[in-house]
Structures are given as C-alpha cells and as structure tokens.
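Structural overview for review
If you want the building blocks of each chain, they are given just below.
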Amino acid sequence: MTQMNMLQAINNALDTAMAADERVLCFGEDVGVFGGVFRATSNLQQKYGKARCFNTPLVEQGIIGFANGLAAQGSVPVAEIQFADYIFPAFDQIVNESAKFRYRSGDLFNVGGLTIRAPYGGGIAGGLYHSQSPEAYFAHTPGLKIVVPRNPHQAKGLLLAAIHDLNPVLFFEPKRLYRASVGEVPDEEYRLPLGEAEVLKEGTDVTVLGWGAQMEVIEQAVDMAEKDGISCEVIDLRTILPWDVETVANSVFKTGRLVVTHEAPLTGGFAGEIAATIQERCFLYLESPIARVTGMDTPFPLVLEKEHLPNHLKVFEAIRSSVDF
Amino acid sequence: MTTTKSRVVYTPSFTDGAEFRIPTFKVLKQDGSLYKGAKAPALDKDKALRIYRTMVTTRILDERMLAAQRQGRLSFYMQCTGEEAAVIGSAAALDDADMIMAQYREQGALAYRGFTIDEFMNQLFGNELDYGKGRQMPVHYGSKKLNYMTISSPLATQIPQATGYAYGQKLAGDGHCTITYFGEGAASEGDFHAALNMAAVQRVPVIFLCRNNGYAISTPAAEQFAADGVAPRAYGYKMDVIRVDGNDVLAMYEATKAARSLAVEHNRPVLIEAMSYRLAAHSSSDDPSGYRSKDEEAVWREKDPILRMRLWLERKKWWSEDEEKQLQETMRREVLETMKRAQKRPPPPLETLVTDVYDEVPPALAEQYEKLKAHIRRYPDAYPKSAEHAKGGA
C-alpha cells in the first residue's frame, strides 16, 4: 500500500498495465514528455519509449479514429482527451465507430481493447469549457461502457479493469479530486468490477446515489442527515453504462426512497434514466417521489459555479424532503 | 518552432495555391498499347488474368445486383462501374495479409482477395450466413479471413482508423501495411486531414487511396475543392504523393506497388489520387441524369478500364474472344444461381438483435430480449421471420 492522490493512482495503473503488456499504449495531446497537462502520464514515455507513449497532433477525432484502428488491430490503446469538454470532435468516432464495431461486423472485428480517459466535472473555476459532465450523451449509445471513479483506490482498480475489459470504455476522471483525494492504494495490480455499483454505507430510510466527485458531496450531506436521525444508504454507481439496476433497486426496496445526484444538467441527465427505471421496478415500494439533485439547465458558469453545482446542502435538502414527504 | 528553414523576404510575398500541380502517371493507352517511354509492370500471366477476371466479375456482379435492386429483390446497391482498375489494380499490388479499410465502392478489392459470390450474396441479402448477421445495409462487406475491415456507413471514419491500424502493424514489425480507400468527397471530412497528419508525424505504413471519381453523390469535384484535386494536400503534411490515371490498371498496379514499398520499407505514408469517373449512379437511390449529361458520361465510357486491359491482354496473346465469352457466361450464371440460393436462406436468428453489442449480453438487455420474445409469442403472425426463434424460454 502507498499513499497516493488520484493522479498518482491513475499514473500507477497505466504504468502497471504498460509493464504487464507491451500492447498497451498511451497517447493524446501533451501526454508525452510533459506527462499530460494534469501529469497523469508522467514518466511513461521515459519508461516505455516514444513508440508506446506519445504526443498526438491536436485533433480529437484523429486521436479516437487512430485509437479505433489500433484497437481493431489488436493493440490496447489508452487514449487521453485532455478535457471531457473536448471529446465532442471525436463524438462520431466514439458513438458510430467504437460503439458499433463489434455489432456491425458480427464480431469479425472489435475495438474491445480501447479505453478513452478524460477529466470531467466542475469546481475548478474552469467555466463553460473545462467543467462539463458529458456522460449522458454517451450513455444513450449501446456498445460503450462508461466508468467514473471516486477516489485513488477506485481509480486504479477501475482503470485497470477498463483497460482489460473486452469492450470500449470511456473513463471519466473527476479532475476536482485529482490532487484533493488521497488514500491508500495497493502497489500490485488489482481490478474492480465494471457494471457493479458499490454500497458504501447501509441505511434504512433513504438511498442516496451518485458517482465520481459527487460521492464526496453525498458523504457530507449524509453526515448532516444522520445528525438529524435519518438513516441513509449510500451507493456509488461507478459504471454509468451498463448500469447496475439490481443493486439500486434492491436498496430502494429496502429504503423506499431514492435521491440521485450528478453535476450534469437536469434535463436528459442520467438521473432521469435511473428514476424511470427505478419507479418501474419499485413503484409499490416508493414512499416518496425519486429526487434528482443536479446541475442547472444552463451552460456551466464560471463565477457562480458554487451556486450552480449540486452541493452537500442541496443534496441534504433533497434527503430531508424525501423523508418528510 | 518550425521544422523547416524558411527563406526570409522583406515585402509581402504570397504563394499561390494554384502553383501546386501534380503530374498524372499513365502506362496504358486505351487501345491496349503502352505510352512511349512507359514500361509495363512485372506482372506474370496468372496475376494479370486474376486481375482481369476480378474486374469482369465485379462488373457483372454490379450489373446483376443493380437489376435485382430494380426488381425489388434487394433494398440497396452500390456499383463500382468505371473504377475497377483503380480498386483492383491497387489491391493486386498488395500482400494478401495487408489490411484493407475501404469506403463502400471497393467490392473489387474484396473479390480480388477471394471473397466468393456466395459470400457477397449472403451479405447483400442479410441472411443467416452473412458475417455481419444481417445488421447492415447491402454492400457493407467485411472479412476477417481476407483482412478486409467491415464497411461502416459514416464517411471517412475509416481513414484515421487505417492510420491507427497501420501504426499497430508497424509496432508489431510484421512487415505489413494498411490501405484505405475513400472518395474525393470524403477527403473533405476532418477525418481525412486528421489521418494524413497523424500518419506523417508518426511515420505510419499506410496508403491513402483517393478514388477521385468526379462526384460526391451529385456534387461535382469543382464544387468539392478549389485546388488541383486532392493530391496537393499531401505537400502540407510532408507526405509522398502520386496521381495516377485511375482507369489504367497497369499504372495503378505499379504506383501502388511502389507506394507499398515506401510504406513498409521506409515507414512513409503515401497518398495516391486515382483519377477516374463514377460511370454509374452513386447508389441505387441516386439518379445522375439530374446533375450530369449523357455526353459527359459517354466521354468516360470511351475510357472503359476493363476494355483497356482486355486489349492489352489480347495484344500479349494472354486472352481471347472465346475466353471472354466463356467468362461472361459463367459469371452471369453463377451470379444468378447464388443470388437465388442466398435469397432463400433464412434471416439471422432473433438473438442476433442483442448479441455483439458487448462481448456479453448485459442483464438489462437480456431482460429487454425476454420481453420481446414474450411479445412475439403473443403475436407470432406479426413476426413471421422470428416467431420460431421466439418459442424457447419462459
């Protein structure tokens, strides 16, 4: 075990994967000698050479197109998109190509080795174009997996699982926690399961569900609620697609209440999908309407981001209202 | 930081884009003789005939399948007519283990590799033997065995993928390259520019083959780009480039052979611009009479690449009228017979709706599938193709 922040854990995961398998490659804008603008790929070029860790030209559609071809060839590319906000030029390559490669060829060809890493989320004074949470756009596309870690331990275990998964994976990293989240991380290789939510805390009154950076917010809100005598069950979804319906539904059968929170805007956000599915599964067990605590239906602001973000107070309010319904 | 030393001037001095003009490589005249100073490539009789037979087969397949589409047997089709030399001549210059990442009009390259008429038909009719399991429109072929990447409808997406695929081949050190085909219209997409730039920077063994056939559906090349075709763009990426008469099979073969050695032996990506003409419609859904004249088409019909090669073969005494007649008759018969067979075969099983989305069917999708099966069991008459498959299960 070593004390690491999330960036170090991600770097350690990439190092572990590259050391174990020479087919693993890391590339993207500035990931070479500089180690990425956040330093997630530090020292990888020195260790594994310019052929396996390199800078690409500044062209996201090219990075993912290249990565698709490379994965189809049998390599294991880990492509970095510098900010999730800049993934959209590659949208076509991701939703029409990565996601459909296996299906359209009848499994003659697939890009299962592909992992796309991108820092996402707000709270870093990044404004409109350095703060978005684009998971819902991709969650509408069958064939992709979407994974979001919440701390260094999760980041290493989930990233290694993503790299070894037989499907293309989008790995969204909560950049607000890159250096803020520190914890013990095993030195050896380990993988955490994709497609499985994790129950972080058991409780009886209300289920509180989120992912990534929102888990820290949930933790604070739940502390406040528990002081008020509300027993919360806390779940980290971890994989947005395909998501773990069973774990969430089983929790709601028990608690009868659900609060879902994410940073992305409300309308069309993934909380809507969860709410629809859970009311279908748990309709007769629900004690109150499923609550969504999310970013507003606005572009992400700069100066007023604190007001915009779904913070612990907003989540706490939702827990209260849900229980007091 | 710039990578080239630039001459300095002290008054504004522009370089006119029109200065970049690229010559066209030709070997074979329309009457089957060679241009003065041109040399036929080292092609033995067997290979030359394999190329020729593939060109004829592709033409017959195209004619028959367009007719089948018109009869309502097939939902859609795309012909390669007029571009057989560009596609098959280049494919013949490759090693069979090189990867082909095509656009959609390159059935000739696949036929050259040995894709059978049966295999074409199974895809066109989307039956249970279609490798793509009946999921894509007709002409979206693919073959793992023949190193031919399954076609994808979105235009130009295969171009940066080819760069990536070839980069993997370079790292594997297996001495192979990737060729990617696309039209001059697709060369306007961002993917094209991304692919060439990345290939040049990383020194990737990839051949970019632009079939400049004059039209992107109805948009003529003159409304597609202002420059001297697509070829001059290679200058901007510091990439090797050649323009070839795309109706000249010998020139296409020779140019691609040379491009392959640049790619594989020197890790230099190459752009080939094959100047040709799409004699047929863009697809069976298109009607070229709405945007070009019969006279224009007639000019290009005179330059038929198949006839040109045939005349060359006849001069060499490698081919005769009798052999031509026999090939035409055999192929026509085979196409019709295999079409009937393919059309009769059942569709892919119902479960192919949900397989291959992921490596394993996720629980939520498995649940949707069970619901669908239960629904089909309730209304079997409404789903005659799937009713039998839906019988199993709870």
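Every chain begins its residue count from 1, and numbering advances along the sequence as written. Key to labels: chains lettered from A, ligands numbered from 1, both in the order written. The predicted origin of the model limits local features to residues at a pLDDT of at least 70 and limits the giving and counting of side-chain atom pairs to 80 or more, whereas totals for whole chains, interfaces and linings rest on all residues. Hydrogens and waters are ignored; side-chain quantities use all the structure's heavy atoms.

Now for the overall build of chain B. Strands are runs of DSSP state E lasting at least 2 residues, helices are runs of H or I lasting at least 4, and numbering of each runs from the N terminus. When helices and strands are counted, chain B shows 12 helices and eight strands. Between the two quantities, the radius of gyration covers C-alpha atoms and the globule rule is 2.2 Å times the number of residues to the power 0.38. By the compact-globule yardstick of 21 Å for 394 residues, chain B fits well, its C-alpha radius of gyration being 23 Å. Buried, partly exposed and exposed residues are distinguished by accessible area as a fraction of the type maximum, computed with a 1.4 Å probe on protein chains only: under 20%, between the cut-offs, and over 50%, respectively. Out of the 394 residues in chain B, the part that is buried amounts to 54%. Put simply, of all contacts in chain B between residues at least 6 apart along the chain, 73% involve residues at least 24 apart. Two residues qualify as a contact provided that any one of their heavy atoms is within 4.5 Å of a heavy atom in the partner residue.

Once that is clear, we can look at the interface of chain B and chain A. Contacts between the two partners involve 43 residues from chain B, matched on the other side by 45 residues from chain A. A 1.4 Å probe defines the accessible area here, and the buried area is the portion of it lost by two parts on being joined, summed over both. Between chain B and chain A lies a buried interface of about 3400 Å² when both sides are counted; carbon and sulfur atoms form 63% of it. Looking at the side of chain B facing chain A, the largest losses of area belong to Q161, M198 and Y358 of chain B, adding up to 19% of the total buried there. Any Lys or Arg side-chain nitrogen located within 4 Å of an Asp or Glu carboxyl oxygen qualifies as a salt bridge. Between the two partners, chain B and chain A, sit one salt bridge. Between R281 of chain A and E367 of chain B there is a salt bridge, and its shortest N-O distance comes to 2.6 Å. Residues adjacent in sequence count toward polar contacts only when both atoms are side-chain atoms; beyond that, a polar contact is any pair of N or O atoms within 3.5 Å, and within protein one must be able to donate a hydrogen and the other to accept it. Inspection of the chain B/chain A interface yields 19 residue pairs in polar contact (both at pLDDT 80 or more). Taken together, the elements giving at least two residues each to the side of chain B that touches chain A come down to α5 (158-172), α6 (190-202) and α12 (363-378) of chain B. If you tally residues by element for the side of chain B that touches chain A, the top one is α5 of chain B, at 10 residues.

This paragraph deals with the side chain of R238 of chain A. All names here are of chain A. You can see R238 is positioned in the loop between β11 (232-236) and β12 (239-241). Take R238: its relative accessible area is 5%, and that puts it in the buried class. A polar atom in the side chain of R238 sits 3.1 Å from the backbone oxygen of E196. With residues near it in sequence (within four places) discarded, R238 still touches I146, V147, V148, R150, Q154, L158, L192, P193, E196, A197, E198 and W211.

All right, on to the sheet that holds β11 of chain A then. The strands making up a sheet associate through hydrogen bonds between their backbones, and the pairing can be parallel or antiparallel. Residues and elements named next belong to chain A. Should DSSP find at least two bridges between two strands, the strands are taken to pair. The strand order across the open sheet formed by five strands is β9-β11-β10-β13-β14, and the pairing between neighbours is mixed. Of all the strands in the sheet, the pair left with one neighbour each is β9 (198-201) and β14 (291-295). Taking the axes of each pair of neighbouring strands and ignoring which way they run, one obtains an average angle of 25° across the sheet. Across five bridges, strand β10 (residues 206-210) lies against β11 in parallel orientation. Bridge assignment links V206 to a residue of β11, and that residue is C232. Only the stretch in contact is used when fitting a helix axis, every axis being a line fitted to C-alpha atoms; angles between N-to-C directions are given from 0 to 180 degrees.

With that settled, the discussion passes to the packing of helix α1 (residues 45-70) of chain B against helix α2 (residues 84-92) of chain B. In helix packing, the relevant descriptors are the interaxial angle and the interaxial distance, both defined with respect to the helix axes. Residue and element names in this part refer to chain B. It is at 10 Å that the axes of α1 and α2 come closest, and there the two elements cross at 140°. Our pair here, α1 against α2, has a crossing hand that is right-handed. Counted together, K47, I51, T54, M55, T58 and R59 of α1 and E84, A85, I88 and A92 of α2 form the full contact between these two elements. For the contact of α1 with α2, a count of residues per class yields five nonpolar, two polar and three charged. A crossing counts as left-handed when the near helix is turned anticlockwise from the far one by less than a right angle, and as right-handed when that turn is clockwise. Three residue categories are used. Nonpolar comprises Ala, Val, Leu, Ile, Met, Phe, Trp, Tyr, Cys and Pro, charged comprises Asp, Glu, Lys and Arg, and polar comprises the others, including Gly.

The subject of this paragraph is the nonpolar core. Buried Ala, Val, Leu, Ile, Met, Phe, Trp, Tyr and Cys residues form a nonpolar core when they are joined through side-chain atoms within 4.5 Å. In terms of nonpolar packing, the biggest core is built from 129 residues, with F172, L237, I274 and I278 of chain A together with F208 of chain B touching the most fellow members. Per-element tally for this core: the top contributor is helix α1 (residues 6-20) of chain A, with eight residues. Membership of the second largest hydrophobic core comes to 72 residues, among which are Y52, Y181, V244 and A263 of chain B.

A few words now on the packing of α1 of chain B against helix α4 (residues 117-125) of chain B. Residue and element names in this part refer to chain B. Direction vectors running N to C along α1 and α4 enclose 30°, while the axes themselves pass 12 Å from each other. Viewed along their axes, α1 and α4 adopt a mutual orientation that is roughly parallel. Considering only the axes of α1 and α4, their crossing is right-handed. On α4, the residues touching T57, L61 and M65 of α1 are I117, F120, M121, L124 and F125. Note on angle classes: values under 35 degrees are labelled roughly parallel, values over 145 roughly antiparallel, values of 65 to 115 roughly perpendicular, and the remainder oblique.

This part is about a nonpolar patch on the surface. Among the surface-exposed residues, F253, F283, L284 and Y285 of chain A lie close enough to one another that they form a single nonpolar patch of about 480 Å² accessible area. As for its position among the elements, Y285 of chain A is in the loop between α10 (270-282) and β14. Exposure above 30% relative accessible area and the absence of a salt bridge qualify a residue for a patch, where like charges join within 9 Å and nonpolar side chains (Val, Leu, Ile, Met, Phe, Trp, Tyr) within 5 Å. Each accessible area value is a Shrake-Rupley result obtained with a 1.4 Å probe; residue values ignore everything except the protein chains displayed when judging cover.

This paragraph deals with the confidence of the model for chain B. In the predicted model, chain B carries a mean pLDDT of 95, and the fraction of residues at 70 or more is 98%. In the predicted assembly, ipTM is 0.95 and pTM is 0.96. pLDDT: the predictor's confidence for each residue, scored from 0 to 100.

With that settled, the discussion passes to the packing of aromatic side chains. Centres within 6.5 Å make a pair out of two Phe, Tyr or Trp rings, where for Trp the six-membered ring is used; the pair is then stacked when the planes are under 30 degrees apart, edge-to-face when over 60, and tilted otherwise. Here the structure, examined in full by the defined rule, presents 28 aromatic pairs over all chains. When the centroid spacing of 5.1 Å and the interplanar angle of 10° are considered together, the rings of Y277 of chain B and W300 of chain B count as stacked. Pair noted here: Y277 of chain B is in the loop between β8 (270-275) and α9 (294-301) and W300 of chain B is in helix α9, with a separation of 23 residues, a long-range link. In textbook terms, an aromatic cluster arises when at least three aromatic residues are bridged by ring pairs, as seen for F88, F91, Y120, Y137, F138 and F172 of chain A. A cation over a ring is seen here: R135 of chain B above Y103 of chain A, with NZ or CZ 4.1 Å from the ring centre. Only Lys NZ and Arg CZ are tested; either one counts as a charge over a ring when it is within 6 Å of the ring centre and within 35 degrees of the ring normal.

This part covers the pattern of salt bridges. Oppositely charged side chains can form a pair if their charged atoms are brought close together. Residue and element names in this part refer to chain A. For the structure on display, the rule yields 46 salt bridges over all chains. Two residues, R23 and D21, come together in a salt bridge whose shortest N-O distance is 2.8 Å. Under the relative-accessibility criterion, R23 is labelled partly exposed at 42%. The buried category is assigned to D21, whose relative accessible area is 19%. For D324, the salt bridge is made with R320, and the minimal N-O distance between the two is 3.2 Å. Separated by four residues within a single helix, D324 and R320 lie in helix α12 (residues 312-324), roughly one turn from each other. A single network of salt bridges, built from pairs that share partners, joins R150, E198, D236 and R238.

Now for α2 of chain B. Judged by how many residues are buried, α2 of chain B sits mostly within the fold: nine of nine residues are covered. Regarding α2 of chain B, the residues found buried are E84, A85, A86, V87, I88, G89, S90, A91 and A92 of chain B.

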